[in-house]
Amino acid sequence: MDNMLKVSLRSNDKSLELKNPILTASGTFGYGEEFVRFGDLKSLGGMVLKGISLEPREGNPMPRLAETPCGMLNAVGLQNCGVEEFLRHKLSPLPWQETPIIANLYADSIEGFTALAEVLAGDVRIAGLEVNISCPNVSKGGSLFGQDPSAAAAVTDAVVRVAGRKPVILKLTPNVTDITEIARACEGAGADIISCINTVAGLAVDLPGRRLLPARVPAGLSGPAIKPVGLCCVWQVSRAVNIPVIGMGGIMTVEDALEYLLVGAAAVQVGTASFTRPDTAFALARDLPAACAAYGISSFEEFRASLQ
């Protein structure tokens, strides 16, 4: 069964080898070490750590989070320690030789993405680079890189050029008219893997206080409420490109994870569930073999994208 759980994300002569298809999602699993008391990091297929920028970021003012029916809104603002601190202190405690560590990149310019990718690509402890193109492009007046095919392709090309043998993953926003257009642009520019979806734009209000929740809008909606959106985007993207797709959005149970594989994902990321139950990703990795047996799944390769 252990061999059956293995996943190989291969394209463009690069590969990301996972012991199982369960990864954590950026922004929901800290720097990994915070979750050691909830499970064995070595049991996970991989870890996508908190988004990293060239310089430290304080993030947005409070309140940053708001609970919604079947979900959560966040406007954290990508608070992080900066790449220098990340490489110096955050990676060494992690079992990077046994569980692939994927760095999530944040920048507001192509030059920033390039500089950050160049620094991270030289570290042997990092198995791959996930590029967050749900970021404001300052040179384009603040529009998201991931909402413009040409901007998405330009970022992809810039990162791929300096990434060396590290697989480059482009994380797509669902806040577009046609996500497949963005996915194809990234693939054409050399992306090795697509991950989707990032959060859905939204806001909430404090009626008695007459104020917005969170304080910065639009915020990002995540959790079970967006699972149908995530499944639809993965279904569309996996049929539009010839590179592997990692699915995410509202995964709470092992059945949720299998649904993403069924519509075309090769692996999944667990995000908001880690806030409600910090051991969720570990539980899914543990329960996956029994679930596969229960649903008659003997091969992920055969099961993936087998939706009737």
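So, a few notes on the structure that sits alongside this text. From a predicted model like this one, the values you see are computed outputs, not experimental measurements.

What follows deals with the overall build of the protein. Looking only at helices and strands, the protein features ten helices and 16 strands. Its C-alpha atoms give the protein a radius of gyration of 18 Å, within 12% of the compact-globule value 19 Å for 308 residues. Principal axes of the C-alpha set define a box for the protein whose edges measure 50 × 50 × 40 Å. A total of 308 residues make up the protein; the buried ones form 56% of that total.

As a further point, take the side chain of serine 26. Topologically, serine 26 is positioned in the loop between strand 3 (22-24) and strand 4 (46-48). In terms of polar contacts, serine 26 uses its side chain to reach the backbone amide nitrogen of glycine 51, at 3.3 Å. Not counting residues within four places of it along the chain, the set of residues in contact with serine 26 comprises Val48, Leu49, Lys50, Gly51, Asn104, Glu130, Lys171 and Gln269.

This next bit is on the packing of helix 6 (residues 227-240) against helix 7 (residues 254-263). Remark: helix 6 packs on helix 7, axes separated minimally by 8 Å, with the N-to-C direction vectors making an angle of 30°. As far as their axial angle goes, helix 7 and helix 6 are roughly parallel. Both helix 6 and helix 7 take part in a crossing whose hand is right-handed. From helix 6, Lys227, Gly230, Leu231, Val234, Trp235, Ser238 and Arg239 reach across to helix 7, where they touch Asp256, Glu259, Tyr260 and Val263. Looking at the contact of helix 6 with helix 7 residue by residue, the class counts come to five nonpolar, two polar and four charged.

What follows concerns the packing of helix 5 (residues 179-188) against helix 6. Running from N to C, helix 5 and helix 6 cross one another at 40°; their axes reach a closest spacing of 9 Å. In terms of orientation, helix 5 lies oblique with respect to helix 6. Note on packing geometry: the crossing formed by helix 5 with helix 6 is right-handed. Residues Ile179, Thr180, Ala183, Arg184 and Glu187 of helix 5 form the contact with helix 6, whose participating residues are Cys233, Gln236, Val237 and Ala240. Of the residues assigned to the contact of helix 5 with helix 6, the class counts are five nonpolar, two polar and two charged.

All right, on to the pairing of strand 9 (residues 168-171) then. Of the two faces of strand 9, the one lined by Val168 and Leu170 and the one lined by Ile169 and Lys171 are each fully buried. Looking at chain direction, strand 8 (residues 128-132) and strand 9 are connected through four bridges and run parallel. Paired with asparagine 132 across the bridge in strand 9 is lysine 171. Pairing between strand 9 and strand 10 (residues 193-196): three bridges, direction parallel. Within strand 10, the residue paired with leucine 170 across the bridge is isoleucine 194. In the classification by handedness, the crossover that spans strand 9, the intervening helix 5 and the parallel strand 10 is right-handed.

This part takes up the nonpolar core. Soluble globular proteins tend to pack their nonpolar side chains together in the buried interior. Counting residues in hydrophobic clusters, the biggest one holds 97 residues, and the most contacted among them are Phe86, Leu120, Ile133, Leu172 and Phe300. In this view, leucine 120 contacts Val83, Phe86, Leu87, Ala103, Leu105, Ile126, Leu129 and Lys166; residues no more than four positions away in its chain are not counted.

We now examine the pairing of strand 1 (residues 7-11). The two faces of a sheet get side chains in turn, since along a regular strand they alternate between them. Of the two faces of strand 1, only the one carrying Val7, Leu9 and Ser11 is buried; Ser8 and Arg10 on the other face are not. Summarising the sheet, strand 1 and strand 2 (residues 14-18) pair through five bridges and their orientation is antiparallel. Looking at the pairing, valine 7 lines up with leucine 18 of strand 2.

About the cut-offs
All residue numbers refer to positions counted from 1 along the written sequence of the respective chain. Given that this is a predicted model, residues contribute local features only at a pLDDT of at least 70 and side-chain atom pairs are listed and counted only at 80 or more, while totals for whole chains, interfaces and linings are drawn from all residues. To obtain the side-chain values, all non-hydrogen atoms of the structure were used and water was disregarded. The secondary structure listing takes helices from DSSP runs of H or I that are at least 4 residues long and strands from runs of E that are at least 2 residues long, numbered from the N terminus. C-alpha atoms define the radius of gyration, and 2.2 Å times the number of residues to the power 0.38 defines the globule rule. Burial classes: relative accessible area under 20% of the type maximum marks a residue as buried, over 50% as exposed, and values in between as partly exposed (1.4 Å probe, protein chains only). Throughout this description, a polar contact denotes any pair of N or O atoms lying within 3.5 Å of each other; where both atoms belong to protein, one of them has to be capable of donating a hydrogen while the other can accept it, and for residues adjacent in sequence the pair is counted only when both atoms sit in side chains. By the convention used here, residues are in contact when the closest approach between their heavy atoms is within 4.5 Å. Angles here are taken between N-to-C directions and fall from 0 to 180 degrees, while the axes themselves are lines fitted to C-alpha atoms, restricted in helices to the stretch in contact. Here the word oblique covers every angle except those under 35 degrees (roughly parallel), over 145 (roughly antiparallel) and from 65 to 115 (roughly perpendicular). Here a crossing is called left-handed whenever its near helix is offset anticlockwise from the far helix by less than a right angle, and right-handed whenever the offset is clockwise. Residue type decides the class: Asp, Glu, Lys and Arg count as charged, Ala, Val, Leu, Ile, Met, Phe, Trp, Tyr, Cys and Pro as nonpolar, and the leftover types, Gly among them, as polar. If DSSP finds at least two bridges between two strands, the strands pair. Looking down the strands as they point away from the viewer, one classifies a crossover as right-handed if the path from the first strand across the helix to the second runs clockwise. What we call a nonpolar core is a set of buried Ala, Val, Leu, Ile, Met, Phe, Trp, Tyr and Cys residues that are connected through their side-chain atoms within 4.5 Å.

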